[in-house]
Structures are given as C-alpha cells and as structure tokens.
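Read off the chains here:
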Amino acid sequence: MTRGTRLGKADWLDAGLAALAAEGPAALRAEALARQLNTTKGSFYWHFQDVPAFQAAVLAAWAEALIARLPTATATATPPTTALRALAQGLAAPAGTSPAEQAERAIRAMALSDNAAAQAVAQVDRARHASISAFLAQIGVSNPEIATLILAAAQGMPADASGDPMGTLVDLVLALR
C-alpha cells in the first residue's frame, strides 16, 4: 500500500494475519503494521479502538475464513468419500496460500497461552469436526471418535510427511465400514 491509498478493515486484518504467520503475536502492533502498510497509525485507529480490539478481530477473521472454506456434506456434488478424503488431506497439508491458512500454526501456538486464541482455535476445530462427522455420517460411519481421530491426525501431520498418510488413514476408515 502507498500513502494516499485508503486502507479498509480487511487490509489491516490480512496484514495482521500475515505478520502473525511471519513473526508471531508480537507483530500485532499498530505502529509496526502501519510501517509495513506504509500508512499512519491513524488509519489503524480509524478501524480499531485499540490493539486488543485488533487482536480480537484478527482471531475472529481467522476463524471465520477457515470455517467458511469448509465443505458441507449437503452442499457438495462430490461423492462423500471423495469429499472426506479431500477435506482431511487439505487439513493435513502444510499452510496454504491465504493469510488465514498461513497464520494457523502461529495462532495454534498462541492458543497455548492466550485464552482468546484458544477460543478461536476451539471454534475452528468444532466446525472442522462437524464437517468431517457429516461426511462420515453420509457414508455410514457413525462412531464420533473417528472424526476426532481424523482431525487429530490432520493437525499433528508433519509438514514434510512423504506419501499420503492422511489419504491412507481415510481409506482405512472407509474400508472398515
């Protein structure tokens, strides 16, 4: 951004998510972000009452963005087994390209010591669990612990995992039905 370009709230939130992903929670400061965006702190305070309000908005935007990307079992034309596999693989994949996806590791780390971040993580995890559960229900898998296992495996998958371990896990679950 250049001076004279009017920044919107979404610009600040995207910058906050990018800074969080790159530098961690300490990067969520008005002055540092204003410098990064080549604007004044006044622009920041036009959109946010203070830094804690901004941090809360960043966490809310993160959760909203990730939840909005989740497929729903009723709104997809893809067969449920294919959709479940794609969902699980997407959750296990290294950070994507969106600011929200890239900030996930930092927010999960932040959640270990920040209650607001922990609540945002829990909100995302509940939505992901519900999405996985809905696909499992469509294919006849009713044990709720299977969705928990898939979600836990996806979150713990190392970024450098070779092959397709998440796909193999989903295939194993599907073979058991």
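Before reading further, recall that the structure is shown in the block above.
The present account deals with the structure reproduced in this document. In this text, all values refer to a predicted model and were calculated from it rather than measured experimentally.

## Focus: the packing of aromatic side chains
- Inspection of the entire model under this criterion finds five aromatic pairs.
- Judged by centre distance (5.4 Å) and plane angle (80 degrees), the rings of Trp12 and Phe44 are edge-to-face. A residue pair is termed long-range when its members are at least 10 positions apart, and Trp12 in helix H1 (residues 9–23) and Phe44 in helix H3 (residues 41–47) qualify at 32 residues. You'll find Trp12 and Phe44 in the same group, each marked buried.
- Residues Phe44 and Phe54 carry aromatic rings whose centres are separated by 5.0 Å and whose planes lie at 65 degrees to one another, so their mutual orientation is edge-to-face. Of this pair, Phe44 sits in helix H3 while Phe54 sits in helix H4 (residues 51–68); the two residues are 10 residues apart in sequence, bridging distant segments of the chain.
- Here Phe54 falls in the buried class, since its relative accessible area comes to 0%.
- Among the aromatic residues, those joined into a cluster by ring pairs are Trp12, Phe44, Tyr45, Phe48 and Phe54.

## With respect to the nonpolar core
- Core analysis: the largest hydrophobic core is formed by 32 residues, its most contacted members being Trp12, Leu17, Leu20, Phe48, Phe54, Trp62 and Ile107.
- Listed by contribution, the elements that provide at least two residues to this core are H1, helix H2 (30–36), H4, helix H6 (99–110) and helix H7 (115–138).
- Beyond its immediate sequence surroundings of up to four residues, Leu17 is in contact with Val58, Trp62, Pro99, Ala100, Ala103 and Ile107.
- Grouped together as the second largest cluster of nonpolar side chains are 24 residues, Leu91, Ile146, Met157 and Val170 included.

## Re the environment of Ala117
- Tracing the backbone shows Ala117 in helix H7.
- Here the alpha-carbon distance between Ala117 and Ala175, two residues 58 residues apart in the chain, equals 37 Å.
- Among residues more than four places away in sequence, those in contact with Ala117 are Leu59, Ile107, Met110 and Ala111.

## A short note on unusual backbone geometry
- With a phi close to 55 degrees, Asn38 is a non-glycine residue in the positive phi region.
- As for its position among the elements, Asn38 is in the loop between H2 and H3.
- For Asn38, a relative accessible area of 35% corresponds to the partly exposed category.

## Some details on the side chain of Arg128
- Within the secondary structure, Arg128 sits in helix H7.
- Look at Arg128 and you get buried, because its relative accessible area is 7%.
- If near-sequence neighbours (up to four positions away) are discounted, Arg128 is found in contact with Leu66, Leu70, Leu91, Glu104, Arg108, Leu151 and Gln155.

## Details of the packing of H7 against helix H8 (residues 144–156)
- For the pair H7 and H8, interaxial distance at closest approach is 9 Å and the crossing angle is 125 degrees. One way to sum up the angle between H7 and H8 is to call them oblique. When the axes of H7 and H8 are compared, the crossing they make is right-handed. Every residue of H8 that contacts H7 at Asp125, Arg128, His129, Ile132, Ser133 and Leu136 is listed here: Pro144, Ile146, Ala147, Thr148, Ile150, Leu151 and Gln155.
- Per-class residue counts for the contact of H7 with H8 are seven nonpolar, four polar and two charged.

## Details of the side chain of Ser131
- Considering the arrangement of structural elements, one finds Ser131 in helix H7.
- Using a relative accessible area of 8% as the deciding quantity, one classes Ser131 as buried.
- The contacts of Ser131, once residues within four sequence positions are left out, are Leu70, Pro71 and Leu87.

## A closer look at H4
- Here H4 spans 25 Å end to end across 18 residues, near enough to the 26 Å set by a 1.5 Å rise per residue.
- All of the buried residues along H4 are Phe54, Ala57, Val58, Leu59, Trp62, Ala63 and Leu66.
- Where H4 is buried, its residues touch H1, H2, H3, H6 and H7.
- The opening residue of H4, the one whose side-chain oxygen lies 2.8 Å from the backbone nitrogen of Ala53, is Asp50.

So, how was this worked out
Within any chain, residue numbers begin from 1 and follow the written order of that chain's sequence. Only residues with pLDDT of at least 70 are given local features in this predicted model, and only at 80 or more are side-chain atom pairs given and counted; all residues enter the totals for whole chains, interfaces and linings. Computation of side-chain values: all heavy atoms of the structure, hydrogens and water removed. For this analysis, a ring pair means two rings from Phe, Tyr or Trp (six-membered ring only for Trp) whose centres lie within 6.5 Å, classed as stacked if their planes differ by under 30 degrees, edge-to-face if by over 60, and tilted for the remaining angles. Strands here mean DSSP runs of E at least two residues long; helices mean DSSP runs of H or I at least four residues long; both are numbered from the N terminus. Exposure classes here rest on a 1.4 Å probe applied to the protein chains alone. A residue is buried below 20% of its type maximum, exposed above 50%, and partly exposed in between. Buried Ala, Val, Leu, Ile, Met, Phe, Trp, Tyr and Cys residues form a nonpolar core when they are joined through side-chain atoms within 4.5 Å. Any two residues whose heavy atoms approach within 4.5 Å are treated as being in contact. Angles shown run from 0 to 180 degrees and are taken between the N-to-C directions of axes, each axis being a line fitted to C-alpha atoms and, for helices, limited to the stretch in contact. An angle counts as roughly parallel when it lies under 35 degrees, as roughly antiparallel when it exceeds 145, as roughly perpendicular when it falls between 65 and 115, and as oblique in every other case. The handedness criterion is simple: a crossing whose near helix is rotated anticlockwise from the far helix by less than a right angle is left-handed, and one whose near helix is rotated clockwise is right-handed. Under the grouping applied here, Gly and all other residues not named as nonpolar or charged are polar, the nonpolar ones being Ala, Val, Leu, Ile, Met, Phe, Trp, Tyr, Cys and Pro and the charged ones Asp, Glu, Lys and Arg. Expected span, for any helix, means 1.5 Å times one less than how many residues it has. Nitrogen and oxygen atoms within 3.5 Å of one another constitute a polar contact, given that in protein one can donate a hydrogen and the other can accept it, and given that sequence-neighbouring residues count only through two side-chain atoms.

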